[in-house]
Structure formats: C-alpha cells, structure tokens
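So you can see what is in the structure, the chains are spelled out below.
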Amino acid sequence: MNIPYTVEERPDTGLANGKLGIWLFLASEVMLFGALFSTYIILRTGSVEWPHGELNIWLGMINTFILIGSSVTMVMAWASLKLNDWGKHRLYLILTFALAAIFLVNKYIEYSDHIARGEYPSHSTFVALYFTMTGLHGLHILGGMIVMAYFIGPGQKLYKTNREQFVNRIEYTGLYWHFVDLVWIFLFPVLYLL
Amino acid sequence: MHSEAHETSKHVRIYWIIGVALYIGTVITVAVNQVHLAVPYAVTVALLVASTKGYLVASVFMHLNHEKKWIYGALLLTVVFFIVLMSVPIFTMMDTIGTPTVREVSTGAAHPGAAPEGH
C-alpha cells in the first residue's frame, strides 16, 4: 500500500504530509525545551547566588561554530539535491554527520572534566540544569546523526527509485537539524555566558 | 525545473552569507561577555544576539520566510503556548496563596502562637 501525499501536495493544506508532520513535531519540541528554559528562569531567579565561569566558554564557542557550520552543510546537502548534484549532496551530508560527531566528542570532553572534578548533577542546581539541558540536546544530536547515517547508508537507495521523496526526506531531516542548532544558539549564552 | 534550479543556486549564496553572519553573531556574544557588563545589560545583549541568530536560522535555513499558511498557523499556536510557558515564572511570583497578608502578620494570625508586631 502506498502512503498518499509523500511527494505531491495535499489539496487542503497545500503541503506534503511529511512537511506538516515534521513542523508539528518541531512545535512539540519547542514546548519540551521551552519547559526546561522556563524551569531555568524559575530556579535562577529564585536562587540567592548563581555561579559564573563554571563552564569552558571557549569549548562552548567552538561547539557553537561547529553546529552553525553543520547547519550550513545540511542546507547545502539539500540544495545540492535540488541542483541535481549527487556528489556534492553526499559530501555535505557526510560533513554534517562528521561535524555532529565532533560536537559530541567535545561534549564528552566537557562532561568528563566535570565528572573528574566530582561535579555530578547532584553537585548544584546549576550543574543539574547544565547536564539536563545539554544532555537532552545531545540526545537530539545523536538522533539526528542516526537519521543522517541512514541516508548516507541504506536510505540512499530511495534516490534511485523515488528522487522527489528522497529530496523531501532530506529537507525534513534538515528542518530537524536546524531546530537542534537553534536550541543550541540559546543554550550557549544562557548556560555558558550569563 | 530549470527555473527551480536557478532559484536554488541563487539561494546557495545566501546560505553561505547567513552562515558567516551567524559566526559573527557568536563572536559578538562572546566578546560582549568578556567586557563584563552589568547583568541586566549582559542578559539583554546576549538574548538580542541569540534571537537575531535564531531568526536567521528559522527564516532562511528553515525557509520560514516563505512557507504555507498551515505551517504559520501551527507555529502561531506554538508561539502562544510558548509565551504562556515562559510566563510561568512570572505567575509563580504573582502567586500569593499561602503568603500571609499584612493584616495577618500585624495581628499575629499568620503564625499562631507568635507575638504580634509591636507587642
């Protein structure tokens, strides 16, 4: 059985189902991270003092550069498909995957440093928030990497059988990935700088 | 199809420019942090730059600058509920349930057994 409206647009919404689906998913993600940011505001405004300089700003900045770079390569992976350049699409998608992996390696270094100093989530409210927010974000990075690995590997076959559907899937992956970048754009100043 | 490819190739340049703008925004955020502004100014600047960067990512990379109305509709609802969510900290500060009134404090009714003020 074929799933309808995977490529063609529905007459009522003017959208392919996947496009509306990914945006509704992202809307739920906004609320998920929004709840954590709201919690952060409550805990921070309610605390007598708040630690500064606990985190490595430079490592955080490098990770911001990496994620922004990965957003550019992700949108280029999609644009390359639109330009019918399969080789460049592969290059940009693999680059995005590699940048995501570097981001997680940096996060591992950061976490290891905290744990070596005995700074577990129970150490303080700030550290608990740091691990919760960056941990959830890291899981989203991992999720994105799994999807990208699928399209680099077995999922690429779809390009030969249904090119339009493959392009749409890369677009939806990109929307998710840009959202993950967007969350980090706010996480970085909130946790590392303020 | 040909015009679509032409349109996409025009966008490619914009994607790279936005990428550079996002890098510059990050450098500005960190540079301002190094100046050690007063907390209210530091928070304002950091959130302004982050919001600008977020706008660029959403409008250009996520193509929200030219989307269909159903997506705008879904996002409008999200924005409304997000504002409610962000207002929760304000609601908690406005919440006076369980907080003794001035009259209760002055008469000692707030803490039975404790002497009222001025006695």
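The structure presented is a predicted model; accordingly, all values stated were derived computationally and were not measured. (Residues numbered from 1 in each chain as written. Chains lettered and ligands numbered in written order. Predicted model: local features only at pLDDT ≥ 70, side-chain atom pairs only at ≥ 80, totals over all residues. Heavy atoms only, no water.)

### Observations regarding the overall build of chain B
No. 1: Counting its regular elements, chain B contains 4 helices and 0 strands.
No. 2: The linear arrangement of helices and strands in chain B, starting from the amino end, is α-α-α-α.
No. 3: Across the 119 residues that make up chain B, the buried fraction comes to 29%.
No. 4: Considering only contacts in chain B between residues 6 or more positions apart, those separated by 24 or more positions represent 43%. (Helix = DSSP H or I, 4+ residues; strand = E, 2+ residues; numbered from the N terminus. Buried < 20%, exposed > 50% of the residue type's maximum accessible area, 1.4 Å probe, protein only. Contact = heavy atoms within 4.5 Å.)

### Digging into the pattern of salt bridges
No. 1: Taken as a whole, this structure holds 7 salt bridges over all chains when the rule is applied.
No. 2: Two residues, Lys19 of chain A and Glu171 of chain A, come together in a salt bridge whose shortest N-O distance is 3.3 Å. One end of the pair, Lys19 of chain A, is in helix α1 (residues 17-46); the other, Glu171 of chain A, is in helix α6 (residues 163-193), with 152 residues separating them in the sequence.
No. 3: Look at Glu171 of chain A and you get buried, because its relative accessible area is 13%.
No. 4: The shortest N-O distance in the salt bridge between Glu67 of chain B and Lys19 of chain A comes to 2.9 Å. Taken together, the positions of Glu67 of chain B in the loop between α2 (39-61) and α3 (69-94) and Lys19 of chain A in helix α1 put the pair across two chains.
No. 5: For Glu67 of chain B, a relative accessible area of 14% corresponds to the buried category.
No. 6: With a relative accessible area of 12%, Lys19 of chain A lands in the buried category.
No. 7: Among the ionic contacts, a cluster of salt bridges with common partners joins Lys19 and Glu171 of chain A together with Glu67 of chain B. (Salt bridge = Lys/Arg side-chain N within 4 Å of Asp/Glu carboxyl O.)

### Considerations on the interface of chain B and chain A
Interface size is commonly expressed as the accessible area that is lost once the parts come together.
No. 1: Across the boundary between the two partners, chain B contributes 45 residues, which contact 49 residues of chain A.
No. 2: Around 4,200 Å² of area is buried between chain B and chain A when both sides are counted, 81% of it from carbon and sulfur atoms.
No. 3: The largest share of the area that chain B buries against chain A comes from Tyr23, Met62 and Trp70 of chain B, three residues that together contribute 14% of it.
No. 4: Inspection of the chain B/chain A interface yields 2 salt bridges.
No. 5: Across the contact surface, chain B and chain A share 7 residue pairs in polar contact (both at pLDDT 80 or more).
No. 6: When contributions to the side of chain B that touches chain A are tallied by element, the ones reaching two or more residues are α1 (2-35), α2 and α3 of chain B.
No. 7: Looking at the side of chain B that touches chain A residue by residue, the classes come out as 29 nonpolar, 12 polar and 4 charged. (Buried area = accessible area lost by both parts, 1.4 Å probe. Polar contact = N/O pair within 3.5 Å; in protein donor to acceptor, adjacent residues only side chain to side chain. Nonpolar A, V, L, I, M, F, W, Y, C, P; charged D, E, K, R; others polar.)

### Thoughts on the packing of aromatic side chains
Residues and elements named next belong to chain A.
No. 1: Here the structure, examined in full by the defined rule, presents 19 aromatic pairs over all chains.
No. 2: With 4.4 Å between their ring centres and 20° between their planes, Trp86 and Tyr159 make a pair best called stacked. Residue Trp86 is located in helix α3 (residues 86-116), and its partner Tyr159 is located in helix α5 (residues 158-161); the two are separated by 73 residues in the primary sequence.
No. 3: Overall, Trp86 belongs to the partly exposed group, its relative accessible area being 25%.
No. 4: We classify Tyr159 as buried; its relative accessible area is 10%.
No. 5: Put simply, the rings of Phe103, Tyr111, Tyr130, Phe131, Trp184, Phe188 and Tyr192 touch in pairs and so form one group of aromatic residues. (Phe/Tyr/Trp six-rings, centres within 6.5 Å; stacked < 30°, edge-to-face > 60°.)

### Looking at the confidence of the model for chain B
All names here are of chain B.
No. 1: With 86% of its residues at a pLDDT of at least 70, chain B reaches an overall mean of 84.
No. 2: Looking at the elements of chain B, mean pLDDT is at its lowest for helix α4 (residues 102-107), recorded as 71, and at its highest for α2, recorded as 93.
No. 3: Among the scores for the predicted complex, ipTM is 0.91 and pTM is 0.89. (pLDDT = per-residue confidence, 0-100.)

### Structural notes on the packing of α3 of chain A against α6 of chain A
All names here are of chain A.
No. 1: Look at α3 against α6: their axes get within 13 Å of each other, and the N-to-C directions meet at 30°. Judged on the interaxial angle alone, α6 and α3 are roughly parallel. Pair α3 / α6 crosses with left-handed handedness. Along the contact surface, α3 presents Trp86, His89, Leu93, Thr96, Ala100, Phe103, Lys107 and Glu110, while α6 presents Phe166, Ile170, Trp177, Trp184 and Tyr192. (Axes fitted to C-alpha atoms, helices over the stretch in contact; angles between N-to-C directions. Parallel < 35°, antiparallel > 145°, perpendicular 65-115°, else oblique. Left-handed = near helix turned anticlockwise from the far one by under 90°.)

### Concerning a nonpolar patch on the surface
No. 1: On the surface, Ile42 of chain A together with Leu76, Leu77, Val80, Phe81, Val84, Val88, Ile90, Phe91 and Met94 of chain B cluster together into a nonpolar patch covering about 930 Å² of accessible area.
No. 2: At 9 residues, the largest contribution of residues to the nonpolar patch is made by α3 of chain B.
No. 3: Checked against the element boundaries, Ile90 of chain B lands in helix α3.
No. 4: Relative accessible area serves as the criterion here: at 48%, Ile90 of chain B is assigned to the partly exposed category. (Patch = residues over 30% accessible without salt bridge, like charges linked within 9 Å, V, L, I, M, F, W, Y side chains within 5 Å. Areas by Shrake-Rupley, 256 points an atom, 1.4 Å probe, with all protein chains shown as cover.)

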